[in-house]
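Okay, here's what each chain looks like letter by letter:
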Amino acid sequence: MSNSLKTQDKIKHTYTKDMLIRSIVDACHKDMGTVRSVYNALEENIARLLSSATPDADVSIRLFEGITLDSTFVPEKTKVNNLTGKVITSASKIKPKANITRSYRNKLTTHNK
């Protein structure tokens, strides 16, 4: 067996909303209610902005330096099922996507050393 861990053997640390809020409270010395309120407002604003993509305009949010959230409007599509011959119409939707720049990835690697 190799020295590297298999994916299923690795430990995954998941940070919840409450854990992030507590970390911010500790770092900024602000009260929990204020930080929670700002966090919730940020989350609501991001969702509102990303859902505002239209056929004429996509949306891009620079959340942090190096992390961007994009939202693209995907119009309704009509296809014919090649097995049944039925016409299938898929509804229009918003397609969100996150992008992390190479410089931000390098920053993560630097913090890890």
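Up top is the structure these notes are about.
I will try to describe carefully the structure that is included in this document.

Conventions adopted
- Residues numbered from 1 in each chain as written.
- Predicted model: local features only at pLDDT ≥ 70, side-chain atom pairs only at ≥ 80, totals over all residues.
- Heavy atoms only, no water.
- Helix = DSSP H or I, 4+ residues; strand = E, 2+ residues; numbered from the N terminus.
- Rg over C-alpha atoms; globule rule 2.2 N^0.38 Å.
- Buried < 20%, exposed > 50% of the residue type's maximum accessible area, 1.4 Å probe, protein only.
- Contact = heavy atoms within 4.5 Å.
- Areas by Shrake-Rupley, 256 points an atom, 1.4 Å probe, with all protein chains shown as cover.
- Lys, Arg positive; Asp, Glu negative; His and termini not counted.
- Charge placed at Lys NZ, Arg CZ, Asp CG, Glu CD.
- Polar contact = N/O pair within 3.5 Å; in protein donor to acceptor, adjacent residues only side chain to side chain.
- Core = buried A, V, L, I, M, F, W, Y, C linked by side-chain atoms within 4.5 Å.
- Salt bridge = Lys/Arg side-chain N within 4 Å of Asp/Glu carboxyl O.
- 1 Å grid on protein atoms, 1.4 Å probe; cavity = no way out; pocket = protein on both sides within 12 Å on 5 of 7 lines; lining within 4 Å.
- Points joined across faces, edges and corners; volume = space filled by probe spheres on them.
- Nonpolar A, V, L, I, M, F, W, Y, C, P; charged D, E, K, R; others polar.
- Axes fitted to C-alpha atoms, helices over the stretch in contact; angles between N-to-C directions.
- Parallel < 35°, antiparallel > 145°, perpendicular 65-115°, else oblique.
- Left-handed = near helix turned anticlockwise from the far one by under 90°.

**Here's the deal with the overall build of the protein**
- If you tally the helices and strands in the protein, you get three helices and five strands.
- Seen in sequence order, the protein has helices and strands lined up from the N terminus as α-α-β-β-β-β-β-α.
- Rg of the C-alpha trace for the protein: 21 Å, well past the compact-globule value of 13 Å for 113 residues, more than 25% over.
- Taken across its 113 residues, the protein has 13% of its residues classed as buried.
- Across the protein, the fraction of contacts at a sequence separation of at least 24, relative to all contacts at a separation of at least 6, is 23%.
- Element-wise, carbon and sulfur atoms account for 54% of the exposed surface of the protein, whose accessible area totals about 9,800 Å².
- In the protein, 19 positive and 11 negative side-chain charges are present, and the distance between their average locations comes to 8 Å.

**Some remarks on the environment of Thr101**
- Structurally, Thr101 is set in the loop between strand S5 (93-100) and helix H3 (102-112).
- One polar contact links Thr101 to Ser103, side chain to side chain, over a distance of 3.2 Å.

**As for the nonpolar core**
- Ile46, Leu50, Ala53, Val59, Ile61 and Leu69 form the largest nonpolar core, which has six residues in total.
- At the level of elements, helix H2 (32-50) and strand S1 (59-64) are the ones that each hand at least two residues to this core.
- Once you skip the residues sitting within four places of it in the chain, Ile61 turns out to touch Ile46, Leu49, Leu50, Ile67, Thr68 and Leu69.

**Remarks on the pattern of salt bridges**
- In this structure the tally under the stated criterion is three salt bridges.
- Taking the shortest distance from any N to any O, the salt bridge between Arg36 and Asp18 comes out at 2.9 Å. Taken together, the positions of Arg36 in helix H2 and Asp18 in helix H1 (residues 17-28) put the pair 18 residues apart, joining distant regions of the chain.
- Assessed through its relative accessible area of 30%, Arg36 is described here as partly exposed.
- Classification of Asp18 by relative accessible area gives partly exposed; the value is 47%.

**Topic: the layout of surface pockets**
- Each pocket or cavity is described by its volume, and for the largest pocket that value is around 660 Å³.
- Lining the largest pocket are 17 residues, and of these Leu20, Tyr39, Leu42, Leu63 and Phe64 sit closest to its centre.
- At the level of secondary structure, the elements contributing two or more residues to the lining of the largest pocket comprise H1, H2, S1 and strand S2 (67-74).
- Take the lining of the largest pocket: its biggest share by element is seven residues, from H2.
- A breakdown of the residues in the lining of the largest pocket according to their chemical character gives 13 nonpolar, two polar and two charged.

**As for the packing of H1 against H2**
- Interaxial distance between H1 and H2 falls to 9 Å at its minimum, and their mutual angle equals 125°. In terms of their interaxial angle, H1 and H2 are classed as oblique. In this structure, H1 meets H2 at a crossing whose hand is right-handed. Taking contact as the criterion, the partners of Lys17, Asp18, Leu20, Ile21, Arg22, Ile24 and Val25 in H1 are, on H2, Met32, Val35, Arg36, Tyr39, Asn40 and Glu43.

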